[in-house]
There are 4 protein chains.
Amino acid sequence: MGSIPIVSTMATAVLLISCPDKPGIVAAVSTWVASVGGNIVHAEQHTDPEDQMFFQRVEFTHADSVEIDTLRAGFAAVAANWSMDHSLEALPWRPRTAILVSKPLHCVADLLTRTTYGDLGLDVRAVVSNHDGAAALAASHSVPFHHLPVGEGQNARAEQEAKVSALLDSLDLDLVILARYMLVLPPHMVDAWQGRMINIHHSFLPAFIGANPYRQAHARGVKVIGATAHYVSEVLDEGPIISQDVAAVSHRDDVAELTRRGRDLETVVLARAVRAHVERRVLTWNNRTVVFG
Amino acid sequence: MGSIPIVSTMATAVLLISCPDKPGIVAAVSTWVASVGGNIVHAEQHTDPEDQMFFQRVEFTHADSVEIDTLRAGFAAVAANWSMDHSLEALPWRPRTAILVSKPLHCVADLLTRTTYGDLGLDVRAVVSNHDGAAALAASHSVPFHHLPVGEGQNARAEQEAKVSALLDSLDLDLVILARYMLVLPPHMVDAWQGRMINIHHSFLPAFIGANPYRQAHARGVKVIGATAHYVSEVLDEGPIISQDVAAVSHRDDVAELTRRGRDLETVVLARAVRAHVERRVLTWNNRTVVFG
Amino acid sequence: MGSIPIVSTMATAVLLISCPDKPGIVAAVSTWVASVGGNIVHAEQHTDPEDQMFFQRVEFTHADSVEIDTLRAGFAAVAANWSMDHSLEALPWRPRTAILVSKPLHCVADLLTRTTYGDLGLDVRAVVSNHDGAAALAASHSVPFHHLPVGEGQNARAEQEAKVSALLDSLDLDLVILARYMLVLPPHMVDAWQGRMINIHHSFLPAFIGANPYRQAHARGVKVIGATAHYVSEVLDEGPIISQDVAAVSHRDDVAELTRRGRDLETVVLARAVRAHVERRVLTWNNRTVVFG
Amino acid sequence: MGSIPIVSTMATAVLLISCPDKPGIVAAVSTWVASVGGNIVHAEQHTDPEDQMFFQRVEFTHADSVEIDTLRAGFAAVAANWSMDHSLEALPWRPRTAILVSKPLHCVADLLTRTTYGDLGLDVRAVVSNHDGAAALAASHSVPFHHLPVGEGQNARAEQEAKVSALLDSLDLDLVILARYMLVLPPHMVDAWQGRMINIHHSFLPAFIGANPYRQAHARGVKVIGATAHYVSEVLDEGPIISQDVAAVSHRDDVAELTRRGRDLETVVLARAVRAHVERRVLTWNNRTVVFG
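No experiment lies behind these values; they were computed from the predicted model shown.

### Let's talk about the overall build of chain A
- Within chain A one finds eight helices and 13 strands.
- Once the C-alpha set of chain A is aligned to its principal axes, its extents read approximately 75 × 45 × 40 Å.
- Taken across its 293 residues, chain A has 57% of its residues classed as buried.
- For chain A, the proportion of contacts with a sequence separation of at least 24, taken over those separated by at least 6, is 66%.
- Of the roughly 11,900 Å² of accessible surface on chain A, a fraction of 53% belongs to carbon and sulfur atoms.
- Computed over 24 positive and 32 negative side-chain charges, the inter-centroid distance for chain A is 6 Å.

### Section: the sheet that holds strand E9 (residues 197-201) of chain C
Residues and elements named next belong to chain C.
- Taken in spatial order, the seven strands line up as E7-E6-E5-E8-E9-E10-E11 in an open sheet, and their pairing is mixed. A single partner strand is all that each edge strand has here, and the edge strands are strand E7 (145-147) and strand E11 (241-248). Within the sheet, the average angular offset between the axes of one strand and its neighbour, ignoring direction, is 15°.
- Helix-sheet contacts for helix H5 (residues 156-170) involve strand E5 (96-101), strand E6 (123-129), E7 and strand E8 (175-178), and the interaxial angle to E5 is about 160°.

### Overview of the pairing of strand E10 (residues 224-231) of chain C
Residues and elements named next belong to chain C.
- Most of E10 sits inside the fold, with eight of its eight residues counted as buried.
- Burial of E10 is two-sided: the residues Val224, Gly226, Thr228 and His230 facing one way and the residues Ile225, Ala227, Ala229 and Tyr231 facing the other way are all buried.
- Where E9 meets E10, four bridges bridge the pair, whose relative direction is antiparallel. Its bridge partner lying in E10, isoleucine 198 is registered against tyrosine 231.
- Pairing of E10 with E11 involves seven bridges; the strand directions are antiparallel. The residue of E11 that forms the bridge with alanine 227 is aspartate 245.

### Some words on the interface of chain D and chain A
- Taken together, the contact between chain D and chain A spans 18 residues of the former and 18 residues of the latter.
- Between Glu44(D) and Arg252(A) there is a salt bridge, with the nearest N and O atoms lying 3.8 Å from each other.
- Along the contact surface separating chain D from chain A lie six residue pairs in polar contact (both at pLDDT 80 or more).
- Mapped by element, the contributors of at least two residues to the side of chain D that touches chain A are helix H3 (106-117), helix H4 (135-140) and helix H8 (255-278) of chain D.
- If you tally residues by element for the side of chain D that touches chain A, the top one is H8(D), at five residues.
- Here the side of chain D that touches chain A is composed, by residue class, of six nonpolar, three polar and nine charged.

### Focus: the relation of the copies chain D and chain A
- With an RMSD of 0.0 Å, the fit of chain D onto chain A corresponds to turning through 180° and sliding 0.0 Å along the axis. Expressed as an axis order, the relation between the two copies is that of a two-fold axis. Within chain D, Ser140(D) has its C-alpha nearest the rotation axis, a separation of 3.0 Å.
- A shared interface surface links the copies, since 100% of the contact residues of chain D are contact residues in chain A too.

### What about the packing of helix H1 (residues 25-35) of chain C against helix H1 (residues 25-35) of chain D?
- Direction vectors running N to C along H1(C) and H1(D) enclose 150°, while the axes themselves pass 8 Å from each other. If you check the angle between H1(C) and H1(D), you find them roughly antiparallel. Crossing handedness for the pair H1(C) and H1(D): left-handed. Of H1(D), the residues touching H1(C) (which contributes Val26(C), Ala27(C), Ser30(C) and Thr31(C)) are Val26(D), Ala27(D), Ser30(D) and Thr31(D).
- Of the residues assigned to the contact of H1(C) with H1(D), the class counts are four nonpolar, four polar and no charged.

### Let's talk about the confidence of the model for chain A
- Looking at chain A, the pLDDT average stands at 93 and 97% of residues meet or exceed 70.
- Among the scores for the predicted complex, ipTM is 0.92 and pTM is 0.92.

### As for the interface of chain A and chain C
- Contacts between chain A and chain C engage 31 residues on the former and 31 residues on the latter.
- Summed over both partners, the interface of chain A with chain C comes to about 2,600 Å²; 57% of that surface belongs to carbon and sulfur atoms.
- It is Arg220(A), Lys223(A) and His251(A) in chain A that bury the most area against chain C; as a group they hold 27% of the surface buried on that side.
- Viewed at the interface, chain C and chain A are joined by two salt bridges.
- Secondary structure elements with two or more residues in the side of chain A that touches chain C: strand E2 (39-48), helix H7 (213-220), strand E11 (241-248) and strand E13 (288-291) of chain A.
- The residue inventory of the side of chain A that touches chain C, partitioned by class, reads 14 nonpolar, nine polar and eight charged.

### Some details on the pairing of strand E3 (residues 53-63) of chain B
All names here are of chain B.
- E3 sits mainly inside the fold: 10 of its 11 residues count as buried.
- The pairing of strand E1 (residues 10-20) with E3 spans 11 bridges and is antiparallel. By the bridge assignment, methionine 10 is partnered in E3 with alanine 63.
- Strand direction decides the pairing type here: strand E2 (residues 39-48) and E3, joined by nine bridges, are antiparallel. Its bridge partner lying in E3, glutamate 44 is registered against arginine 57.
- From the end of E2 to the start of E3, which pair antiparallel, there are four residues, and glutamine 52 there has a positive phi angle of about 55°.

### Digging into the sheet that holds strand E8 (residues 175-178) of chain B
Residues and elements named next belong to chain B.
- Sheet architecture is open: seven strands sit in the order E7-E6-E5-E8-E9-E10-E11, paired in mixed fashion. Here the strands that pair on one side only, and so sit at the sheet edges, are strand E7 (145-147) and strand E11 (241-248). If you compare each strand with its neighbour and ignore which way they point, the axes differ by 15° on average.
- In this sheet, E8 lies alongside strand E5 (residues 96-101) in parallel orientation, the contact comprising four bridges. Within the sheet, the bridge partner assigned to leucine 100 lies in E8 and is leucine 178.

What counts as what
Residues numbered from 1 in each chain as written. Chains lettered and ligands numbered in written order. Predicted model: local features only at pLDDT ≥ 70, side-chain atom pairs only at ≥ 80, totals over all residues. Heavy atoms only, no water. Helix = DSSP H or I, 4+ residues; strand = E, 2+ residues; numbered from the N terminus. Buried < 20%, exposed > 50% of the residue type's maximum accessible area, 1.4 Å probe, protein only. Contact = heavy atoms within 4.5 Å. Areas by Shrake-Rupley, 256 points an atom, 1.4 Å probe, with all protein chains shown as cover. Lys, Arg positive; Asp, Glu negative; His and termini not counted. Charge placed at Lys NZ, Arg CZ, Asp CG, Glu CD. Pairing = 2+ DSSP bridges. Axes fitted to C-alpha atoms, helices over the stretch in contact; angles between N-to-C directions. Salt bridge = Lys/Arg side-chain N within 4 Å of Asp/Glu carboxyl O. Polar contact = N/O pair within 3.5 Å; in protein donor to acceptor, adjacent residues only side chain to side chain. Nonpolar A, V, L, I, M, F, W, Y, C, P; charged D, E, K, R; others polar. Least-squares fit on C-alpha atoms with pLDDT ≥ 70 in both. Parallel < 35°, antiparallel > 145°, perpendicular 65-115°, else oblique. Left-handed = near helix turned anticlockwise from the far one by under 90°. pLDDT = per-residue confidence, 0-100. Buried area = accessible area lost by both parts, 1.4 Å probe.

Set out below in structure tokens:
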């Protein structure tokens, strides 16, 4: 008489899957989730009919007592069976992050403000810059600041790249954000951070690739300007796009005004892309992204 | 010698489901689809955590040889098991439709143009109006036009309503579109067409309910105007919203200009809502909609 | 007793001015308007600080009894004094217009619908096409249709161009609209219609110049698609932009869906540009436009 | 020999005018600007045809040696002649500002970040709050923080209001910004700051007046959410609207997500309104605003 009720609190996990499309995948995944006592709270899937690829994000609750590693081990068999690329992560995920920035501070200021005063779930381990302007900002958010300027001499650029690369490697990071970092990274760094490095470009790519996009936009007389957040890839400004947005402009807006208006786009678009990544909503395929809503 | 290959062409069907949320629903549905040899090409689901309700849209291909009624009979057991409200329909669905309109013709002109020259899959059986301005337009799209004006006398309005109601009943319709029809419908008609009658209101509801929303918007000095497509319900302008959009306006825009700018919103928002309905992407719950993307 | 009141009805005229910027221009123009008994109802001006150029649109009412040609003669002295490029036109201006179209009919259908059932002030004298699909549409708006297909043989294209060119010349037109006309025009035609020929391109230029922009957009994985209305100039898709707009898209949207979504953008953006032109709100300078609001 | 060239540097001033519309105003103003050796660099005007009112913003450069007070004295005669309400101010104008805030800090954090790291020209003299959460934020921007909580007891609210009012009075301010300040102000304060106090409301007014607009928006099932910046007036949430913007939402977005998405709208809309005010682009009339571009 009088049994003590077992109160089981719940944890949340998220599964991201890419694999060749075949009948039965959805049933296989949902059956597995049910088999571990999980309950799917969000599921979205996408099929690319051209490439016959299947993509899915499944968010499910499970008993707190079940470790994420146990779940991972359990799902491995399903994944192997269906030739899946996949990841299984506990939510909320709070990635160890470095933010790289050059002179314009609006993006890094915004990301830090959202982290400190808002609800962007980053664990920011470092602000890194080739200029020293962000030092006070980083300090006011209690984030270590690293000033790694480009020195003089023939190898200055390569030396700075080596220092940045070594620093990032030393920090055991999950994510690197280029928040208006104006130096092009060398291929070895791009490779190393594939799918884990997000850049903000100040145009609606593929328009106005390269330097001074607002100047280019003004010269072309466009009536919309934009910003694009994308994963960094080998070719400059051509990585998979995560988020884009635009704003209307007119003949009254000179380059300075486009630059000013563009800042609001850049901060919001970058924050949106980072949030999607942190919530594990993004898959990439064929230089494109699937961003689940 | 040489066996003749059996070429099996595929048909598409779409399942819409609402039911109390329980673990295992997704697996049950996808297992059923697999059991009839179907292949899920799109699936979206939504869980309302407050009301503990589950919603799903599943689009799947199946062998052409399997009748939709056979599928319906087969799914009935699953539906009963999980207390589902559901529908199962072959795609493309081409609903028998009547369009009601008063004086402004831009919405009906747009819907007919999309049907005749574009790809909006309506089977328009009638254009009905309390004015005669749409006669030539309907004729140019080979659609029967019914002029049902409000006469004079105490019962004129009720008599007109009875005629409209009888006409709609006689046409064996799936869908009624109020494309700027300016007469409020009586409760019995609203009831009869619950979930199958779409109205366009020329404001971003719930702002500016009732008559002359652009005049109201101008008086209030708003900087955005909007349009809202919704299912008609008992309370005027308070039915479940399917689609909304807005446009920026300024002090320069007088009521006439707001009206003119608003027309583009109205046509696009109404067309978008009609398309979502025709593609069977919309579920309603608690006076809100789930619109799958 | 009782003098008969002299009722003077008012007409409206619009002045468009471009000239080197100098102190005193605004005073000179407004003094002239006052000197002819005119009353400015809208005036907008813009100064390009880089090029030191001044642009103005002045809409004013004047006594109906004063002819537009009298006003033109009167303003000529002011214009000469300040080295102005200018035009003075009575409003509403109802330009004689030809619409060129190929297979997709949504833009021409929209322009004709706005002209017939809405308030777009075009005097459409011809619909011209290299295909015959628009014949019934043109007829339903009582507009002459000219089918000028590209024949076979080495000179087929040049022959067709000559016929189109001759037709346009014969119609005494103010405006030519390329409403998804998919043939590139020869330089002599582009020259002849400089500033009087508006094209709609189905991307947010300068992204995706050339053929199949929606296919290009899908391949690049953009999250916004757009449309651009511009004056036609020598270099394909590089003329002065009058209007642009965009819409959000996602991984779910394949090329067919982008194409479908894009149609709403194309019709609205083209209509907006045509309206701005008809209301004489557009000036061009340095391959850019000033579009007064 | 060799005369020393007189280098005259230029200053900028901005004139804001409201008056009954009459022929000749534009000429009078531009003639006056020319008479003081000024050169108009931007001018926009608006005529309200219903109320027969004329509004103008004229930005002009003038010789640095001419004091703004001399210009003011000079223009007084023109203003009297035409019964103008007007103001004449040197640009850039850097208003002495207090920011009031309650618990959510995103708006105040954004305004301070733009002021410190961007180009928003505020001279922030105080951050005032009924909570203490903004203390560190204010300190990190070297702005004095005033914690004025509502105490206990019958008169607690009135006492707090008196303290806030006295503080604002003591600071010799040009502008007060309610950056998500959740206490309704008493009529005497609203009166005192008429036209100089900007509030951000977290809905597209007039929808969802009052408390918990995101909860209201979710309950109504809207597909767009919005934010509205307006001057504070006697009736809650009914003052003249300066800026509004909206974002698309869907059934997937619960109240928490609407709140989160709404924050980006609130910060951007408030910043845009504050900027327009600081650049002296806003005139009010009949509870509406004229916002010159």
